[in-house]
Amino acid sequence: MLSYRHSYHAGNFADVLKHLVALRIFRHLNAKPKPYLYLDTHSGPGGYALNSEHAQKTQEYLTGIAKLWQQGNLPEPLQDYVDLIKDFNEGGELAHYPGSPSIAKAVLSEHDRLNLFELHTTEIELLKQTFPRERRTAVEHGDGFKGLIAKVPPKERRGFVLIDPPYEIKSDYDKVVSTVIAAHKRFATGVYAIWYPVVERYRIKQMEQGFINSGIRNIQLFELAIKPDTTERGMTSSGMIVINPPWKLKAEMDACLPLLAELLGDNQQGFFRSEQLVPE
């Protein structure tokens, strides 16, 4: 039984990193007029009210998007992200945080498609409410890992796949690697972005090594931490592994990550990683 609800964590530092990277990928894909498929394997409900009981219980958004809300002199990619989140909030007050599917819908053209998967029985109903039936959007109640394999290659021959399971099932770390390898064999030119939490560092090292050993080329890694790794409970860092990244992505992240580590770090303990994990 899946119990994870992202509504407790919406807008936190991990969301900042995930959606900053995702938005840069969208912007670069949009630079070409050809349509593409956006596929989200773990979509969640699509958006979050920050005054909800869940969000107010943890108030994790105060350690993430709230710290950027009134910041000036941000690098252009980071300002673009903050401006987009502001578009979801009327009157200049931070009250709503969009999920990845809502961000995608906001920036995709009418010719692009969205394929959204969600397995959680409560979350899927909320997702269907957020995304009523329309021609370009498919909302499916099911396993996003299996759904990904079934949907690639897309008819457009261009695509962006976001994979961000909660990893409450520990086998998901291995499943992410094996699923991406299988999907890449069917659709080698797609952009794949894999989010991960750093709770136990050895699991992330194993996942990185799995991608390094996969034979897949051109893999980058971006990680943002608010404090050093610990053996205590809780996520201290999160990261994005990107396969076939847009050519400007690393330079953009190199411009943003030092500032994010400084602004979001806990008592000046923040740090970041920006690495070409596997060359082209």
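Here, every reference points to the structure presented above.
Definitions and cut-offs
Residues numbered from 1 in each chain as written. Predicted model: local features only at pLDDT ≥ 70, side-chain atom pairs only at ≥ 80, totals over all residues. Heavy atoms only, no water. Salt bridge = Lys/Arg side-chain N within 4 Å of Asp/Glu carboxyl O. Helix = DSSP H or I, 4+ residues; strand = E, 2+ residues; numbered from the N terminus. Buried < 20%, exposed > 50% of the residue type's maximum accessible area, 1.4 Å probe, protein only. Polar contact = N/O pair within 3.5 Å; in protein donor to acceptor, adjacent residues only side chain to side chain. Contact = heavy atoms within 4.5 Å. Pairing = 2+ DSSP bridges. Axes fitted to C-alpha atoms, helices over the stretch in contact; angles between N-to-C directions.

A. Quick peek at the pattern of salt bridges. Applying the stated criterion across every chain, the model contains 16 salt bridges. A salt bridge links Asp-80 to Arg-27, with the shortest nitrogen-to-oxygen separation between them at 2.9 Å. Taken together, the positions of Asp-80 in helix α4 (residues 76-87) and Arg-27 in helix α1 (residues 13-30) put the pair 53 residues apart, joining distant regions of the chain. Assessed through its relative accessible area of 31%, Arg-27 is described here as partly exposed.

B. Broad picture of the side chain of Asp-164. Mapped onto the elements of the fold, Asp-164 is located in the loop between β6 (159-163) and α8 (172-186). Residue Asp-164 is classed as buried on the basis of its relative accessible area, which comes to 9%. Separated by 2.7 Å, the side chains of Asp-164 and Lys-18 make a polar contact. Setting aside its immediate chain neighbours within four residues, Asp-164 contacts Lys-18, Asp-40, Thr-41, His-42, Ser-100 and Trp-195.

C. Inspection of the sheet that holds strand β10 (residues 271-278) at higher detail. Strands sit in the order β5-β4-β1-β6-β7-β9-β8-β10 across an open sheet of 8 strands; the sheet is mixed. Unpaired on one side and paired on the other, β5 (137-141) and β10 mark the two borders of the sheet. Neighbour to neighbour, the strand axes of the sheet diverge by 15° on average, direction disregarded. In the sheet, strand β1 (residues 37-40) pairs with β6 via 4 bridges, with the strands oriented parallel. In the strand pairing of β6, Tyr-38 is matched with Phe-160. Against the sheet, helix α7 (residues 144-151) makes contact with β1, β4 (113-118), β5 and β6, and its axis sits at roughly 150° relative to β4, the strand it touches most. On top of the sheet, helix α9 (residues 201-212) reaches β7 (191-198), β8 (219-225), β9 (237-243) and β10; it is set at about 25° to β10, its chief contact.

D. A look at the environment of Ile-124. Structurally, Ile-124 is set in helix α6 (residues 121-130). In this structure the C-alpha to C-alpha distance between Ile-124 and Gly-142, which are 18 residues apart in sequence, comes to 9.0 Å. With residues near it in sequence (within four places) discarded, Ile-124 still touches Glu-118, Val-139, Glu-140 and His-141.

E. The side chain of Thr-137, seen in detail. For Thr-137, the position within the fold is in strand β5. Take Thr-137: its relative accessible area is 9%, and that puts it in the buried class. Within the structure, the side chain of Thr-137 is placed 2.7 Å from the side chain of Glu-134, a separation counted as a polar contact. Once you skip the residues sitting within four places of it in the chain, Thr-137 turns out to touch Leu-114, Leu-116 and Phe-131.

Coordinates in, geometry out; function isn't part of it.
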